[in-house]
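Now for the letters of each chain:
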Amino acid sequence: MYVAYFICFMGMALLVQSLVLAAVVVVFQVSAHWIILAEERWCLENFGAEYRRYMGEVRRYL
């Protein structure tokens, strides 16, 4: 989902040839990554080994 957002938004930035929009997309992508990491930490604290097993079965981005 997050990779699709990046491709879609970066495509829009390229179509309108906007460096400002491209910079906003990069900032959005970096902030989304930090939010994902925070969510993973919360899930590990609350669900422990069960969530760790789930993480082994499911990839983060692809």
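The residue numbering used here restarts from 1 in each chain and proceeds along that chain's sequence as written. Since the coordinates come from a predicted model, pLDDT governs what is reported: local features require at least 70, and pairs of side-chain atoms require 80 or more to be given and counted, while whole-chain, interface and lining totals use all residues. Water and hydrogen atoms were dropped before computing side-chain values, which therefore reflect all heavy atoms in the structure.

A.B. asks: Sorry, what's going on with the pattern of salt bridges here?
C.D. replies: When their charged atoms lie close together, side chains carrying opposite charge are able to pair. Here, a salt bridge means any Lys or Arg side-chain nitrogen found within 4 Å of an Asp or Glu carboxyl oxygen. Overall, the coordinates contain one salt bridge when judged by the stated rule. With its nearest N and O atoms 2.8 Å apart, the salt bridge here joins R53 to E57. In this pair, R53 and E57 are both assigned in helix α3 (residues 49–57), four residues apart and thus about one turn of the helix distant. Starting at the N terminus, helices and strands are each numbered in turn, a helix being any DSSP run of H or I of at least four residues and a strand any DSSP run of E of at least two.

A.B. asks: I keep staring at the packing of helix α1 (residues 2–15) against helix α2 (residues 19–47) and nothing clicks. Help me out?
C.D. replies: Two numbers describe a pair of packed helices, the interaxial angle and the distance between the axes. Structural elements are reduced to axes, namely lines fitted to C-alpha atoms, with helices fitted over the stretch in contact, and the angle between N-to-C directions of any two is expressed from 0 to 180 degrees. Interaxial distance between α1 and α2 falls to 9 Å at its minimum, and their mutual angle equals 170°. Between α1 and α2, the crossing angle belongs to the class labelled roughly antiparallel. Each of Y2, Y5, F6, F9, M10, M12 and A13 in α1 lies in contact with α2, whose residues at this interface are L21, A22, V25, V26, F28, Q29, A32 and I36. Ten residues, namely Ala, Val, Leu, Ile, Met, Phe, Trp, Tyr, Cys and Pro, are considered nonpolar, four, namely Asp, Glu, Lys and Arg, are considered charged, and the remaining ones, Gly among them, are considered polar. Per-class residue counts for the contact of α1 with α2 are 14 nonpolar, one polar and no charged. Roughly parallel refers to an angle under 35 degrees, roughly antiparallel to one over 145, roughly perpendicular to one between 65 and 115, and oblique to any angle outside these ranges. Throughout, a contact is declared for two residues whenever any of their heavy atoms are within 4.5 Å.

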